[in-house]
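Coordinates in review
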Amino acid sequence: MSANRITHREVWVDWMRVIACFMVMLIHCTEPFYLGGDGALVLTKSDAFWASFIDSAVRMCVPLFVIASSYLLFPTKYSSGEFLKKRTLRIVVPFLLWSLFYALYWGEPVDNLKSLLLNFNYAAGHLWFVYMLVGVYLLIPMLSPWAEKVGKRELQIYLFIWGLTTVLPLIRDYVSDATAAITYGPTGIPRQAIYPIWGEASWNTYGSFYYISGFIGFMLLGLYFRRFVPQLSVKQTLLVGFPIWLAGFVISGGGMLRRILAHSGGTFPAKGGLDVAVWWETTITYDTLGVALMAIGAIVMLKRINASGGIYQHIVLPVAKASYGMYLSHMVVLAIVIAKLRDLWGIGEAGVFGLWTTPVQIVVGALVTYIIVASCSVAIQKIPKVGKWLMG
């Protein structure tokens, strides 16, 4: 067995999954404060600040899940067939069951079931994550022989090239002619217009860095941290990890807030179509520089967590094991909780907490949702012959 092969449970990875799950729920509790109406809707200037601040601060949550999977599974010790079979049973089966549930639960069931043949239902938009994760898993067996042998310098070069690709969305936005340069694909879904860069053209989107962009970089980061990043001292962790995270946060959160304020012209409510929402989110998408820096900084800091006592054994570990099921199921509870809190406390500065109504709703909504979903998911996962198919 390779010296780098993990032979024990990585405590810090369990803590990271638990924390990342809460971050996901924070994001989804924040979205109603800048998404609404025809697509984009921010009621007040303070909501613009809170939405930008909270949403961007935790945007590295999805990359953290990919890094965790890579850290534990890449390179794989199984054959391609065995690895993909294990991942299919663990990931795909629960995903299919929850996809069917959401198709029947929200919207028009017949139309939803038809659309599942091609994609997830947009009412359950968080399920996009599983499609991406499946794509990453398909690459792991293919790249594992290389990952077993790659040296530190070589891996750093590939990570540097990937890092350059995280700047491309910002370059496209800068050189685009319009404030919100948007095109519509055959599905009618808006996306940032592609300004051709390095080999791209109207007939070709596969430019020089297409194949090393996106979430493959986070997979390589997981490998790099596993093989080449030692445990840092507390002082080193704070001096390295926090500034990297902070730099990413400034890029992401500052960029989003700037776009909302520019679009509003200082007048609120600020609203627009889906194209405007896409433009607002330019700097907080997962393939951008700010999010990548926050993910790196977060990993540096989270690796210091090694508490494995009673709290870990009785709370963190069970929740970490159920984290995938929590991700799949949480939107059912979250939608109800957020609606109830809005009815109870009001909206924006006119709410019962004044200026603080929005952040209180977001944080409390995420906490309540998390506690309910974690409790139910852990309990369901323990049901013999049923739990693993629903929760993974």
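Residues numbered from 1 in each chain as written. Predicted model: local features only at pLDDT ≥ 70, side-chain atom pairs only at ≥ 80, totals over all residues. Heavy atoms only, no water.

1. Considering the overall build of the protein chain
- Within the protein chain, the secondary structure is distributed over 16 helices and five strands.
- Taking 392 residues into account, the globule formula puts the C-alpha radius of gyration at 21 Å, and the protein chain, at 21 Å, falls close to it.
- Projected onto the principal axes, the alpha-carbon positions of the protein chain cover approximately 60 × 50 × 50 Å.
- Per-residue burial over the protein chain gives 49% buried out of 392 residues.
- The long-range fraction of contacts in the protein chain, counting pairs at least 24 apart against all pairs at least 6 apart in sequence, stands at 80%.
- Of the side-chain charges in the protein chain, 30 are positive and 19 negative, and the distance between the mean point of each set is 14 Å. (Helix = DSSP H or I, 4+ residues; strand = E, 2+ residues; numbered from the N terminus. Rg over C-alpha atoms; globule rule 2.2 N^0.38 Å. Buried < 20%, exposed > 50% of the residue type's maximum accessible area, 1.4 Å probe, protein only. Contact = heavy atoms within 4.5 Å. Lys, Arg positive; Asp, Glu negative; His and termini not counted. Charge placed at Lys NZ, Arg CZ, Asp CG, Glu CD.)

2. Considering the pairing of strand E2 (residues 39–42)
- With two bridges connecting them, strand E1 (residues 35–36) and E2 associate as antiparallel partners. Residue pairing in the sheet places Leu35 in a bridge with Ala40 of E2.
- Counted along the chain from E1 to the antiparallel partner E2, the turn is two residues long, and its residue Gly37 has a positive phi close to 60 degrees.
- Pairing of E2 with strand E5 (residues 270–273) involves four bridges; the strand directions are antiparallel. Each bridged residue has a counterpart across the sheet, and for Ala40 the counterpart in E5 is Gly272. (Pairing = 2+ DSSP bridges.)

3. Notes on the packing of helix H1 (residues 11–30) against helix H13 (residues 310–321)
- Between H1 and H13, the least distance of the axes is 8 Å, while the angle of their chain directions is 60 degrees. Where H1 crosses over H13, the two elements pack in a sense that is left-handed. From H1, Val11, Asp14, Trp15, Arg17 and Val18 reach across to H13, where they touch Ile311, Tyr312, Val316, Leu317, Val319 and Ala320. (Axes fitted to C-alpha atoms, helices over the stretch in contact; angles between N-to-C directions. Left-handed = near helix turned anticlockwise from the far one by under 90°.)

4. Side note on the side chain of Thr76
- With respect to the element layout, Thr76 can be found in the loop between helix H3 (61–73) and helix H4 (80–105).
- At a separation of 3.1 Å, a polar atom in the side chain of Thr76 contacts the main-chain amide nitrogen of Tyr78. (Polar contact = N/O pair within 3.5 Å; in protein donor to acceptor, adjacent residues only side chain to side chain.)

5. A short note on the packing of aromatic side chains
- Scanning the model with the defined rule gives 35 aromatic pairs in all.
- Plain terms: the ring middles of Tyr224 and Phe225 are 6.5 Å apart, the flat faces sit at 90 degrees to each other, and that makes the pair edge-to-face.
- Taking relative accessible area as the criterion, Phe225 reaches 5% and is therefore assigned buried.
- Cluster of aromatic residues (ring-pair linked, three or more members): Phe65, Trp128, Phe129, Trp162, Phe215, Phe218, Tyr286 and Tyr327.
- The cationic tip of Arg87 hangs over the ring face of Tyr137; the distance from NZ or CZ to the ring centre is 5.6 Å.
- Its end group placed over the ring of Phe33, Arg342 keeps NZ or CZ at 4.7 Å from the ring centre. (Phe/Tyr/Trp six-rings, centres within 6.5 Å; stacked < 30°, edge-to-face > 60°. Lys NZ or Arg CZ within 6 Å of the ring centre and 35° of its normal.)

6. A few points about the pattern of salt bridges
- Under the definition given, this model contains three salt bridges.
- For the salt bridge of Asp55 with Arg59, the shortest nitrogen-to-oxygen distance reads 2.6 Å. No difference in accessibility class separates Asp55 from Arg59, as the two residues are buried.
- Note that Asp173 is salt-bridged to Arg259, the shortest N-O span being 2.3 Å. Taken together, the residues span a long stretch of sequence, with Asp173 in helix H8 (residues 168–175) and Arg259 in helix H10 (residues 234–264) at a distance of 86 residues. Across this residue pair, the class does not change: Asp173 and Arg259 are buried. (Salt bridge = Lys/Arg side-chain N within 4 Å of Asp/Glu carboxyl O.)

7. Topic: the sheet that holds E5
- Strands sit in the order E1-E2-E5 across an open sheet of three strands; the sheet is antiparallel. Because the sheet does not close on itself, it has two edges, and the strands there are E1 and E5.

8. As for the state of the cysteines
- Tallied over the full model, the rule gives zero disulfides.
- Unpaired in terms of disulfides, Cys21 finds its nearest cysteine sulfur in Cys61, a separation of 9.1 Å.
- The class of Cys21 is buried, set by a relative accessible area of 3%. (Disulfide = S-S within 2.5 Å.)

9. Re the confidence of the model for the protein chain
- Confidence in the prediction of the protein chain, expressed as mean pLDDT, is 90, and 94% of residues score 70 or more.
- In the predicted structure, residues 1–7 sits below a pLDDT of 50 and forms twelve contacts with residues beyond four places in sequence or in another chain. (pLDDT = per-residue confidence, 0-100.)

10. Some words on the nonpolar core
- One finds Leu64 and Phe218 to be the most contacted residues of the largest nonpolar core, which totals 95 residues.
- When residues of this core are assigned to their parent elements, the largest contribution, 14 residues, is made by H1.
- In contact with Leu64, other than residues within four places in its own chain, are Met16, Ala20, Met23, Ala295, Ala298, Ile299 and Leu302.
- Core analysis: the second largest hydrophobic core is formed by 13 residues, Tyr34, Ala270, Ala277 and Trp279 among them. (Core = buried A, V, L, I, M, F, W, Y, C linked by side-chain atoms within 4.5 Å.)

11. A look at unusual backbone geometry
- The residue after Phe74, namely Pro75, is reached through a cis peptide bond having omega 0 degrees.
- Relative to the helices and strands, Pro75 is located in the loop between H3 and H4.
- Here the bond from Phe268 into Pro269 is cis, since omega is 5 degrees, no more than 30 degrees from zero.
- Within the secondary structure layout, Pro269 lies in the loop between H10 and E5.
- You will see that Lys385, though not glycine, has its phi angle at about 65 degrees, which is positive.
- In this fold, Lys385 is placed in the loop between helix H15 (357–381) and helix H16 (387–391).

12. Examining the packing of H3 against helix H12 (residues 289–302)
- At a minimum axis separation of 9 Å, H3 and H12 run at an interaxial angle of 55 degrees. With respect to their mutual orientation, H3 and H12 come out oblique. The interaxial crossing formed by H3 with H12 has right-handed handedness. Where H3 approaches H12, its residues Pro63, Leu64 and Ile67 are matched on the opposing element by Val291, Ala295, Ala298, Ile299 and Leu302. (Parallel < 35°, antiparallel > 145°, perpendicular 65-115°, else oblique.)

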